[in-house]
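Residue-level listing of the chains:
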Amino acid sequence: MNFTSRRFSFWAILLALFAAVTVTASAQSPDRVRVAVVGLEHDHVRGLFGNLASHPNVELVGISEPDAGLRQHYASAYHLPESLFFPTEAAMLAATHPQAILVYTSIAGHRAAIEQAAPLHIAAMVEKPLATTYEDALVIQGLSEQFHVPVLTNYETTWYASNIAANDLLASGRIGDVRKIVVHDGHNGPKEIGVSPEFLSWLTDPKKNGGGALFDFGCYGVDLATWMMHGALPVSVTAVTQTIKPDIYQHVDDEATILLTYPHAQAIIQGSWNWPFGRKDMEVYGAKGYVDTVKGDGLKIRLPEDKDEHAETAPALATPQNDSLNYLVAVLQHRLEPKGDLTSLDTNVAVVRILDAARKSAQTGKAVPLSAAVTDRAAR
């Protein structure tokens, strides 16, 4: 064998060894989770596409949307191949076999999307809130239980380190037992901030959105309060809604306040499409101190030993609690049990039950009692 042959053999062996190591490493790494998007009429999908493009553990395998114009818009805006797009969810599920759907329809469309996916043992993550009616929430819960698939609800505020830190401080006992929770969520209004026409169309439809600001922003505070109260239903729900800009929001409320009364505490939830600036923050008052959240990671705290409040920065959240896709991957890989947290189905069925009662209270002008309520499963 001459020198050239020996050199060729050396490199061939080296390349073969490298290939073997690469295949072994690939086989040992966790599989990417296959996800599909259902609907493009919810503007939050824009943030999703930005996250999907760089996520190492998630693979986008399909997108269903009946509106051809929307399909073309998102294909161009995010440089997505046309092969990803389907006009119906059924066709997409049959062709792509995802492990989970990410639902970006109107809120009223969540039930129909899950009714198609759950029997195929496909999990779902929907944008907040879970449903527009308690009846739909119970149907979704039944599908999840029947077919043993998780159904999760995504809120922006779930991934705020400040909210987690505030709840941790309450749970530690340092501010005493909870007495009052005040949650503020709102902005200038969907039209005023320039949402897309398709998003605005269903946000201002009481059937498709459940209401206006009452559901769109009230759900954040109800979710946080339900979580911090360990899933307990309030004794009663009282809500007041107004339409301050009827020229823009003819069919839904644009201002809402919800009062949840518990045996030893209250939660006041403010949702608005009328505020001069957007905000998502919370105040938690205990018997001995308080903590306020400021944006995603800021805290203002006063403890019994403090002469005045002081500011802190909440510690960054670790994976998978820091991001909706990380959380979804952890659930599907059985590394996380979604129960009793901000995203879980049990919490969010309770959230819709409370929102349903709030809507009834606003319509009747009376408090809606929930003190004699039985469990969700027994209520069916």
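Residues numbered from 1 in each chain as written. Predicted model: local features only at pLDDT ≥ 70, side-chain atom pairs only at ≥ 80, totals over all residues. Heavy atoms only, no water.

Undergrad: Would you explain the pairing of strand β9 (residues 255-262) in this entry?
TA: The two faces of the sheet receive side chains in turn, since in a regular strand these alternate between them. Bridge count between strand β8 (residues 236-242) and β9: seven bridges; the pairing is antiparallel. Bridge pairing links Val240 to Thr257 in β9. Of the strand pairs in this sheet, β9 and strand β10 (residues 265-272) are connected by eight bridges, and their pairing is antiparallel. Note that in β10 the partner of Leu260 across the bridge is Ala267. What sits between the antiparallel neighbours β9 and β10 is a turn of two residues. (Pairing = 2+ DSSP bridges. Helix = DSSP H or I, 4+ residues; strand = E, 2+ residues; numbered from the N terminus.)

Undergrad: Before we go on, may I ask you to explain the side chain of Glu283 in this structure?
TA: Its location among the elements puts Glu283 in strand β11 (residues 279-286). Look at Glu283: it is buried, it has no salt bridge, and the nearest opposite charge is Arg279 at 5.2 Å. A distance of 2.7 Å separates polar atoms of two side chains, one belonging to Glu283 and the other to Tyr285. Look past the residues within four positions of Glu283 in its chain and what remains in contact with it is Lys180, Ile181, Val182, His184, Val291 and Asp292. (Buried < 20%, exposed > 50% of the residue type's maximum accessible area, 1.4 Å probe, protein only. Lys, Arg positive; Asp, Glu negative; His and termini not counted. Salt bridge = Lys/Arg side-chain N within 4 Å of Asp/Glu carboxyl O. Polar contact = N/O pair within 3.5 Å; in protein donor to acceptor, adjacent residues only side chain to side chain. Contact = heavy atoms within 4.5 Å.)

Undergrad: How should I be thinking about the pairing of strand β1 (residues 33-38) in this particular structure?
TA: By the criterion of burial, β1 is predominantly enclosed, with five of the six residues buried. Taking the sense of rotation as the criterion, the β-α-β connection linking β1, helix α2 (residues 45-54) and strand β2 (residues 58-64) turns out right-handed. Sheet topology places β1 next to strand β4 (residues 100-103); four bridges connect them, and they run parallel. Following the sheet pairing, Val37 is matched in β4 by Leu102. (Right-handed = clockwise from strand over helix to strand, strands pointing away.)

Undergrad: Just to check I follow, could you spell out the nonpolar core for this structure?
TA: The tendency in soluble globular proteins is for nonpolar side chains to be buried as a group. If you look at the biggest cluster of nonpolar residues, it comprises 50 residues, and the most contacted ones within it are Val237, Ile258, Leu260, Met282, Val284 and Val291. Sort the elements by how many residues they give to this core and helix α11 (residues 218-228) lands first, with seven residues. Ranked by size, the runner-up nonpolar core spans 32 residues in total, among them Tyr74, Ala100, Val329 and Leu336. (Core = buried A, V, L, I, M, F, W, Y, C linked by side-chain atoms within 4.5 Å.)

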